[in-house]
Amino acid sequence: MTGGGPGDRRGGPPVDRRIRRVERRPTDLIWLVGGAVVLWLCALPVHADRVDGLEADLFRLVNDLPSAPFPVVWVPMQLGNLLVVPAAVLAALAFRRWRLAGSLALAGAGVYVLAKVVKRFVERGRPSDVLDEVVVRGAAPHGLGFVSGHIAVITSLALVAWPWLPRWGRWAAGAAVAAVFLSRMYVGAHLPLDMVGGAALGVAVGALVRLLLGVPARGRDPADDAAATAPDARRAA
């Protein structure tokens, strides 16, 4: 009598297709450094009491668009809310993606705290504090504006989840980032450099988490190879 091969129900352990190899990609180091550099460059021209002409023009290009029913704007804007972090973690846990769940939790909480830290070092108010005739939709924003925590959170989550997502999921993640980016200016909550700087912070934090915890390895999964060879092993037995 011969023993079963890998995945053979008679002799070998079952193949767990959920087990995936992980890797650390050198490109994530580039994303980390690039995000930090862009954040720094965005902070340089920021002033506490004025806005440069180009940034003001770009802001008004979005803020002066015709008004839409507020719920239409409010819903996509909440994709950058801190509550999205536990929701994303629970979704990953539901699919038994333990490493992804940990990465999302670390990135979401980390970038939220770091955004608060940046606000203390680069003090600038909201658009209505430094510009005239700002269209404020919904509740008036308060506190400091640079950087946007909303865009930082959704960008970091999207970057961490990206390697785990199918093609349609990546399109959805990109659309979520774009929706938050535009909607926060549309409602009068942030200026363009607030959004670009926040996105850069999200990229840096997301890349750091990917370096620390890893991402799914490219190429064919060994579990799939084992599952594919199991029928041959059973026939040989």
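The structure this text deals with has already been given above.
Residues numbered from 1 in each chain as written. Predicted model: local features only at pLDDT ≥ 70, side-chain atom pairs only at ≥ 80, totals over all residues. Heavy atoms only, no water.

## Quick word on the overall build of the protein
Definition in use: A run of H or I in DSSP counts as a helix once it spans at least four residues, and a run of E counts as a strand once it spans at least two, with each numbered from the N terminus. Residue exposure (1.4 Å probe, protein chains only): buried if accessible area is under 20% of the type maximum, exposed if over 50%, otherwise partly exposed. Only heavy atoms enter the contact rule, under which two residues are in contact if any of them lie within 4.5 Å.
The number of helices and strands found in the protein is ten helices and two strands. For the protein, the N- to C-terminal ordering of α and β elements is β-α-α-α-α-α-α-α-α-α-β-α. For the protein, the residues scored as buried account for 43% of the 237 residues in total. For the protein, the proportion of contacts with a sequence separation of at least 24, taken over those separated by at least 6, is 84%.

## Some points on helix α9 (residues 192–213)
Defined as follows: Expected span of a helix: the number of residues minus one, times 1.5 Å.
Taking 1.5 Å per residue, 22 residues should reach 32 Å; α9 reaches 32 Å between its end C-alpha atoms and fits that length. Counted residue by residue, α9 has 17 buried out of 22 residues, so it is predominantly covered. Where α9 ends, the next residue or the one after it, G214, has phi of about 85 degrees, a positive value.

## Brief notes about the packing of helix α7 (residues 149–161) against α9
Defined as follows: Orientation is described by lines fitted to C-alpha atoms, with helices fitted over the stretch in contact, and by angles between N-to-C directions that extend from 0 to 180 degrees. Each helix crossing is assigned a hand: it is left-handed if the near helix lies turned anticlockwise from the far helix by less than a right angle, otherwise right-handed if that turn is clockwise. We call Asp, Glu, Lys and Arg charged. Ala, Val, Leu, Ile, Met, Phe, Trp, Tyr, Cys and Pro are nonpolar, and the rest, Gly among them, are polar.
Contact pair α7 / α9: the axes reach a minimum separation of 7 Å and the direction vectors enclose 35 degrees. α9 is crossed by α7, and the crossing has right-handed handedness. Residue-level inspection shows I151, A152, T155, S156, L159 and V160 of α7 in contact with α9, the latter providing D194, M195, G198, A199, L201, G202, V203, G206, A207, V209 and R210. Here the contact of α7 with α9 is built from residues that sort into ten nonpolar, five polar and two charged.

## Looking at the side chain of D28
Counting through the fold element by element, D28 comes out in helix α1 (residues 26–43). If we skip the residues at most four places from it in the chain, D28 touches A207, R210 and L211.

## A word on the environment of L144
With respect to the helices and strands, the residue L144 is situated in the loop between α6 (127–130) and α7. Of the residues examined, L144 reaches a relative accessible area of 22% and is grouped as partly exposed. Residues L144 and D194, spaced 50 residues apart in sequence, show a C-alpha to C-alpha distance of 9.9 Å.

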